[in-house]
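Each chain, letter by letter, is given below.
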Amino acid sequence: MSALAIVPGEIINLFQEHFRTGATPVVYRAPGRVNLIGEHTDYNLGYVFPIALDMACYVAIAPAQHGKLRIYSRDVNDEFALDVREIQAAMPQKKWHDYVVGVARELVSVGMTIEAADICIISQVPAGSGLSSSAALEISTAVALLGGRNMKPLDIALLGQRAESGFVGMPCGIMDQYASVFGHAGAAIQIDCRSLEHEYVEIPEDVRIFAVNSMVKHELGTSAYRDRVAECQAAVAAIQEIEPEVRSLRDVPLALFARIQESVPLTPRKRARHVISETQRVLDFAAAARANDLREMGRLFIASHRSMQYDYEITSEEIDFLVDTAIKVPGIYGARMTGGGFGGCTVNLVAPESASSFRQALTTAYEERFHITPAFYDCKPAEGAGPV
Ligand code: GLA
């Protein structure tokens, strides 16, 4: 068991203390993820390449007689209650519990009855870090509310995505929820976001994956994400003028794009160039991983970062500094920002013997420059959601 795994006893104790009950809840978990490559490609129906983390969100649930969903989160130390008869009519409140209520509402919409229950939540996934604390919360809630009832794993992932886009109001792609459901110990998940199929790809053994948290999250996150989605749609519309059969940027091979890019207005053109080249980088990265080619994997990491920095324009000063510093450290194959952008984490491919010099060099340089101590997460691919 990893050092991070919560002994189910801890959440059970908290549940009983908080709700002052002797009931024994059932505990579920759903992991966060770190995306290795393929950023902002999911809503353009391209490929992504995340791993599920052993950092997870835990949900303890037991039936109750009060007619409500009573939800307590240790992380925000807040409780929220909602009459089960009011789930479907609930409105978002721009609070943490929107994720939980959004999922309950989606379950009701597909015909699942939600009975009164007490729910206690503990998450290990740092919020705002780009490691998908939201999807971990959505998916752990979904499996907990489902209890023993059957639902196809893909439907659970889609339901979580609908809760986030339709209720919470963040127009996300499918990557995070998919990774949280389909995570696999020892492997990355190459997801085809058009067919919604995946394959597992093993990561070479002689490399360690570190996520480094800049501890900075710039607030423009959701609105900038929305802008990027719209700019990609604008690029598709411009391309359709020439190639009417194109439905998404996934349908545009690099060679075609190179030929017609001048007809796409400048900003959508830059966004499209990122998405189209990034989709190809996912395939190249998977091939390099299969061939144990760490240098090529590192090269693709850096190319992906530069593409996000200059074409997609979603990095930040802190993140660029972490990447630029990391790639100068001997034994670092590559570094790039991971997740939605504007702060959060970088992900780094590190030779095992260089792990401590890497941490040292990055901590010293980042503290000196920004007076912030970065956090390091040693990322090992873990299993997807389920009962604990
Ligand atoms: C967020 C979204 C994902 C994906 C990434 C960027 O994490 O939730 O769907 O678009 O940003 O790759």
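Residues numbered from 1 in each chain as written. Predicted model: local features only at pLDDT ≥ 70, side-chain atom pairs only at ≥ 80, totals over all residues. Heavy atoms only, no water.

So, the packing of aromatic side chains: which residues are in play, and what are the values?
Tallying each qualifying case throughout the model produces ten aromatic pairs. Judged by centre distance (5.5 Å) and plane angle (85°), the rings of Phe 321 and Phe 370 are edge-to-face. Separated by 49 residues along the polypeptide, Phe 321 in helix 10 (residues 317–326) and Phe 370 in helix 11 (residues 355–370) bring together distant segments of the chain. Judged by relative accessible area, which is 15%, Phe 370 ranks as buried. (Phe/Tyr/Trp six-rings, centres within 6.5 Å; stacked < 30°, edge-to-face > 60°. Helix = DSSP H or I, 4+ residues; strand = E, 2+ residues; numbered from the N terminus. Buried < 20%, exposed > 50% of the residue type's maximum accessible area, 1.4 Å probe, protein only.)

Which residues make up the domain arrangement of the protein chain, and what are the values?
Its domain assignment divides the protein chain into domain 1 (3–203) and domain 2 (208–379). For domain 1 versus domain 2, the separation of C-alpha centres amounts to 26 Å. Summed over both sides, the interface between domain 1 and domain 2 buries roughly 3200 Å², with carbon and sulfur atoms accounting for 65% of that surface. The largest per-residue losses of area from domain 1 upon contact with domain 2 belong to Ile 37, Glu 39 and His 40, which jointly make up 21% of the total buried on that side. If you look at where domain 1 meets domain 2, you find four salt bridges. The salt bridge involving Arg 336 is made with Glu 39; its shortest N-O contact spans 2.7 Å. Summed over the shared surface of domain 1 and domain 2, the number is 19 residue pairs in polar contact (both at pLDDT 80 or more). Elements with a contribution of two residues or more to the side of domain 1 that touches domain 2: strand 1 (26–35), strand 2 (47–48), strand 3 (50–63), strand 7 (187–192) and strand 8 (197–202). When residues of the side of domain 1 that touches domain 2 are assigned to their parent elements, the largest contribution, four residues, is made by strand 8. Broken down by class, the residue content of the side of domain 1 that touches domain 2 amounts to 19 nonpolar, twelve polar and seven charged. (Domains from an automatic or database assignment. Buried area = accessible area lost by both parts, 1.4 Å probe. Salt bridge = Lys/Arg side-chain N within 4 Å of Asp/Glu carboxyl O. Polar contact = N/O pair within 3.5 Å; in protein donor to acceptor, adjacent residues only side chain to side chain. Nonpolar A, V, L, I, M, F, W, Y, C, P; charged D, E, K, R; others polar.)

Let's hear about the pattern of salt bridges: which residues, and what values?
Applying the stated criterion across every chain yields a total of 22 salt bridges. In this structure, Arg 70 engages Asp 118 in a salt bridge whose closest nitrogen and oxygen atoms are separated by 2.8 Å. Linking Arg 70 in strand 4 (residues 68–73) with Asp 118 in strand 6 (residues 117–123), this pair joins segments that are 48 residues apart in sequence. We classify Asp 118 as buried; its relative accessible area is 6%.

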